[in-house]
Amino acid sequence: LKHTEDGWFYNSHLKTKERKKDDLVFRNAWLWQPKEKLTVNLKAEYGKFEATGRAFTVSAFPEYLPSYQIVKAADPEFEAKFGLTKSTGSQYFMGLENTNNETFLLNLTLDLDFELGTLTSLTAYTAYDFDENADVDYLPIDFIHIFADQEHEQFSQEVRFTSHNSEKFNYI
């Protein structure tokens, strides 16, 4: 699945539309039964999500504050109101706001049936890489920015034995 957006919020400070998105997701599952009592289920997923700009705006900013004049000097088109126009970011100090996220998931499930129940093995691996560059003062001045970079990997293994459903006694 691929999804793109050209932006729908106008940034008067940077003279561009935001939030531009480019997303890609791949997901698949395979089910295989090599023997009557053995089932193998493999699931895989990959996702890549990239965005430039953000869809946030300043809806109230009192003109009597000294910082209001600084903001108006940085972007004469700045207006503190609710709408689809914003005035944030910088092309100099922090660069354009962006978010990049890449994810991966792999899951293998084995079910082996016995007379007394089912032995299940669940093995999984997941990972993601995320970075974000954001203007969090929401103003057209270089003031408060965040730079976030996260990575995560996880491996898990579960083995369980469950009884077949009966009316008298069930167990895991």
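First, a word on what this report is: a plain description of the structure on this page.

What counts and how
Residues numbered from 1 in each chain as written. Predicted model: local features only at pLDDT ≥ 70, side-chain atom pairs only at ≥ 80, totals over all residues. Heavy atoms only, no water. Helix = DSSP H or I, 4+ residues; strand = E, 2+ residues; numbered from the N terminus. Rg over C-alpha atoms; globule rule 2.2 N^0.38 Å. Buried < 20%, exposed > 50% of the residue type's maximum accessible area, 1.4 Å probe, protein only. Contact = heavy atoms within 4.5 Å. Core = buried A, V, L, I, M, F, W, Y, C linked by side-chain atoms within 4.5 Å. Phe/Tyr/Trp six-rings, centres within 6.5 Å; stacked < 30°, edge-to-face > 60°. Patch = residues over 30% accessible without salt bridge, like charges linked within 9 Å, V, L, I, M, F, W, Y side chains within 5 Å. Areas by Shrake-Rupley, 256 points an atom, 1.4 Å probe, with all protein chains shown as cover. Salt bridge = Lys/Arg side-chain N within 4 Å of Asp/Glu carboxyl O. Polar contact = N/O pair within 3.5 Å; in protein donor to acceptor, adjacent residues only side chain to side chain. Pairing = 2+ DSSP bridges.

### Focus: the overall build of the chain
1) Next: In terms of regular secondary structure, the chain is built from one helix and seven strands.
2) Next: Listed N to C, the secondary structure of the chain is β-β-β-α-β-β-β-β in terms of helices and strands.
3) Next: Computed over its C-alpha atoms, the radius of gyration of the chain comes to 26 Å, more than 25% above the 16 Å expected for a compact globule of 172 residues.
4) Next: In terms of principal-axis extent, the alpha carbons of the chain reach across some 80 × 30 × 25 Å.
5) Next: Within the span of the chain, comprising 172 residues, buried residues form 27% of the whole.
6) Next: The contacts in the chain between residues at least 6 apart in sequence include a share of 61% that link residues at least 24 apart.

### Overview of unusual backbone geometry
1) Next: In the segment running from Glu 18 into Arg 19, the intervening peptide bond is cis, with an omega of -15 degrees.
2) Next: If you trace the backbone, Arg 19 turns up in strand 2 (residues 16–35).

### Some details on the nonpolar core
1) Next: The biggest cluster of nonpolar side chains holds seven residues, and these are Val 58, Phe 61, Tyr 68, Val 71, Phe 78, Leu 139 and Ile 141.
2) Next: Dropping the residues within four chain positions of it, Val 71 is found in contact with Phe 61, Phe 78, Leu 139, Pro 140 and Ile 141.

### Overview of the packing of aromatic side chains
1) Next: Counted by the stated rule, this structure contains four aromatic pairs.
2) Next: Pairing Phe 161 with Tyr 171 gives two aromatic rings, centres 6.3 Å apart and planes at 25 degrees, and the pair type is stacked. One end of the pair, Phe 161, is in strand 7 (residues 145–163); the other, Tyr 171, is in the segment after strand 7, with ten residues separating them in the sequence.
3) Next: For Phe 161, a relative accessible area of 30% corresponds to the partly exposed category.
4) Next: Judged by its relative accessible area of 31%, Tyr 171 is partly exposed.
5) Next: Of the aromatic side chains, those joined through ring pairs into one cluster are Phe 114, Phe 161, Phe 169 and Tyr 171.

### A word on the environment of Asn 107
1) Next: For Asn 107, the location among the structural elements is in strand 5 (residues 98–113).
2) Next: Along the primary structure Asn 107 and Val 40 are separated by 67 residues, whereas in three dimensions their C-alpha atoms are 11 Å apart.
3) Next: In this structure Asn 107 touches Asn 41, Leu 42, Lys 43, Thr 123 and Ala 124, once residues within four positions along its chain are discounted.

### Side note on a nonpolar patch on the surface
1) Next: A cluster of nonpolar side chains, contributed by Leu 112, Phe 114, Leu 119 and Val 159, occupies part of the molecular surface with about 320 Å² of accessible area.
2) Next: In this fold, Leu 119 is placed in strand 6 (residues 117–135).

### Here we look at the side chain of Glu 132
1) Next: Within the secondary structure, Glu 132 is located in strand 6.
2) Next: Glu 132 gets classed as buried once you look at its relative accessible area, which sits at 17%.
3) Next: At 3.5 Å, the side chain of Glu 132 forms a polar contact with the side chain of Thr 99.
4) Next: Once you skip the residues sitting within four places of it in the chain, Glu 132 turns out to touch Arg 54, Asn 98, Thr 99, Ile 146, Phe 147 and Ala 148.

### Regarding the pairing of strand 3 (residues 38–52)
Remember that side chains alternate between the two faces of the sheet whenever the strand is regular.
1) Next: Summarising the sheet, strand 2 and strand 3 pair through 14 bridges and their orientation is antiparallel. By the bridge assignment for strand 3, Asn 28 is matched with Ala 44.
2) Next: Connecting strand 2 to the next strand, strand 3, in antiparallel fashion are two residues.
3) Next: Pairing of strand 3 with strand 5, which is carried by 15 bridges, proceeds in the antiparallel orientation. Among the inter-strand pairings, Leu 38 is bridged to a residue of strand 5, identified as Leu 112.

Any functional reading would require information beyond the geometric quantities listed.
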